[in-house]
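The residues making up each chain are set out below.
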Amino acid sequence: KVLFQNASKYNPLQGISSSTQLSGRIRKEAIACVNPTEYSKPQNREEWMARVRSNVGFFRVSYGATVIFFLFYFLLTSPLLLCELLTVAGLWVYFFQIKGADEVVSIGQYNIGQKEKYLIMVPLTAFVCIFGGLLTYFIWVAFVSSFFIVGHASFRKKIEANPLDELADVDNV
């Protein structure tokens, strides 16, 4: 229960109950995101941190879309990585969804039970993640996304909360 209570705190779509509210929020964020008059250099570290905190809270849908964009972009530009990911995911689905976790799978003359499935899949997944480039892929996506997000949040002037917007969100809930 505690996990789900805290989940609303981090939900980027919190307070949005319809597609018109979502499209309105995206439109509002897009206009505020690209307005060139709203950018300046922060004067000190405190102002920089306040800008980053405020802007990450306000632009959370746009920043989430940025991370998802880079996830798909880097995945689609690396066919080998896509093949590795689909192979490992396919094996997990076959072993534990199609055949069932407790069901015995026969491969050639060998019967593989649940413990053997895990004994095969966990090292195989770790091997593919480390040596196949999947771990590097996630690190690279995190680096590139954070570079763009922190760069934008740092130079974008701090968004001040509008009390009328908050009242409009409360009325629609």
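Provided above is the structure to which this section pertains.
Summarised in this report is the structure supplied together with it. All of these numbers come straight from a predicted model, not from anything done at the bench.

Parameters and conventions
- Residues numbered from 1 in each chain as written.
- Predicted model: local features only at pLDDT ≥ 70, side-chain atom pairs only at ≥ 80, totals over all residues.
- Heavy atoms only, no water.
- Axes fitted to C-alpha atoms, helices over the stretch in contact; angles between N-to-C directions.
- Helix = DSSP H or I, 4+ residues; strand = E, 2+ residues; numbered from the N terminus.
- Left-handed = near helix turned anticlockwise from the far one by under 90°.
- Contact = heavy atoms within 4.5 Å.
- Nonpolar A, V, L, I, M, F, W, Y, C, P; charged D, E, K, R; others polar.
- Phe/Tyr/Trp six-rings, centres within 6.5 Å; stacked < 30°, edge-to-face > 60°.
- Lys NZ or Arg CZ within 6 Å of the ring centre and 35° of its normal.
- Expected span 1.5 Å × (residues − 1).
- Parallel < 35°, antiparallel > 145°, perpendicular 65-115°, else oblique.
- Salt bridge = Lys/Arg side-chain N within 4 Å of Asp/Glu carboxyl O.

## A short note on the packing of helix α4 (residues 60-76) against helix α7 (residues 134-155)
So, point 1. One way to put it is that α4 packs onto α7 with a least axis distance of 9 Å and a crossing angle of 145 degrees. Between α4 and α7 lies a crossing whose hand is right-handed. Where α4 abuts α7, its residues Tyr 63, Thr 66, Val 67, Phe 70, Leu 71, Phe 72, Phe 74 and Leu 75 lie against Tyr 137, Phe 138, Trp 140, Val 141, Val 144, Ser 145, Phe 148, Ile 149, His 152 and Ala 153.
So, point 2. Counted by class, the contact of α4 with α7 contains 15 nonpolar, 3 polar and no charged residues.

## Description of the packing of aromatic side chains
So, point 1. All told, the structure shown has 16 aromatic pairs when counted by the stated rule.
So, point 2. Ring centres of Tyr 94 and Phe 95 lie 5.8 Å apart, and the angle between their planes is 50 degrees; on these two criteria the pair is classed as tilted.
So, point 3. In textbook terms, an aromatic cluster arises when at least three aromatic residues are bridged by ring pairs, as seen for Phe 69, Phe 70, Tyr 73, Phe 74, Trp 140, Phe 143, Phe 147 and Phe 148.
So, point 4. It is Lys 117 that lies over the ring of Phe 96; its NZ or CZ is 5.6 Å from the centre.

## Some words on the environment of Leu 124
So, point 1. As for its placement among the helices and strands, Leu 124 is situated in helix α6 (residues 114-131).
So, point 2. In this structure the C-alpha to C-alpha distance between Leu 124 and Val 88, which are 36 residues apart in sequence, comes to 7.9 Å.

## Details of α6
Residues that lie three or four places apart on an α-helix share one face, since the helix turns once every 3.6 residues.
So, point 1. In this model, α6 (18 residues) spans 25 Å end to end at C-alpha, consistent with the 26 Å of a helix rising 1.5 Å per residue.
So, point 2. Against the buried residues of α6 lie α5 (79-98), β1 (105-107), β2 (110-112) and α7.
So, point 3. Taken from the residues just after α6, Gly 133 is the one with a positive phi, measuring 100 degrees.

## Description of the packing of helix α3 (residues 45-58) against α7
So, point 1. Two numbers describe how α3 lies on α7: the axes approach to 7 Å, and their chain directions differ by 115 degrees. What the angle tells us is that α3 and α7 run roughly perpendicular. Handedness of the α3/α7 crossing: right-handed. Here Trp 48, Arg 51, Val 52, Asn 55 and Val 56 of α3 come into contact with α7, specifically with Val 150, Ala 153, Ser 154 and Phe 155.
So, point 2. Of the residues that constitute the contact of α3 with α7, the class distribution is 6 nonpolar, 2 polar and 1 charged.

## Looking at the pattern of salt bridges
When the charged atoms of two side chains lie near each other, side chains of opposite charge can form a pair.
So, point 1. Applying the stated criterion to the full structure yields 2 salt bridges.
So, point 2. The shortest N-O distance in the salt bridge between Glu 38 and Arg 156 comes to 3.5 Å. Of the two residues, Glu 38 is situated in the loop between α2 (19-34) and α3 and Arg 156 in the loop between α7 and α8 (163-172); the sequence distance between them amounts to 118 residues.
So, point 3. Note that Arg 51 and Glu 47 form a salt bridge whose closest N and O atoms lie 3.0 Å from each other. Note that Arg 51 and Glu 47 are positioned in helix α3 at a spacing of 4 residues, about one turn of the helix.

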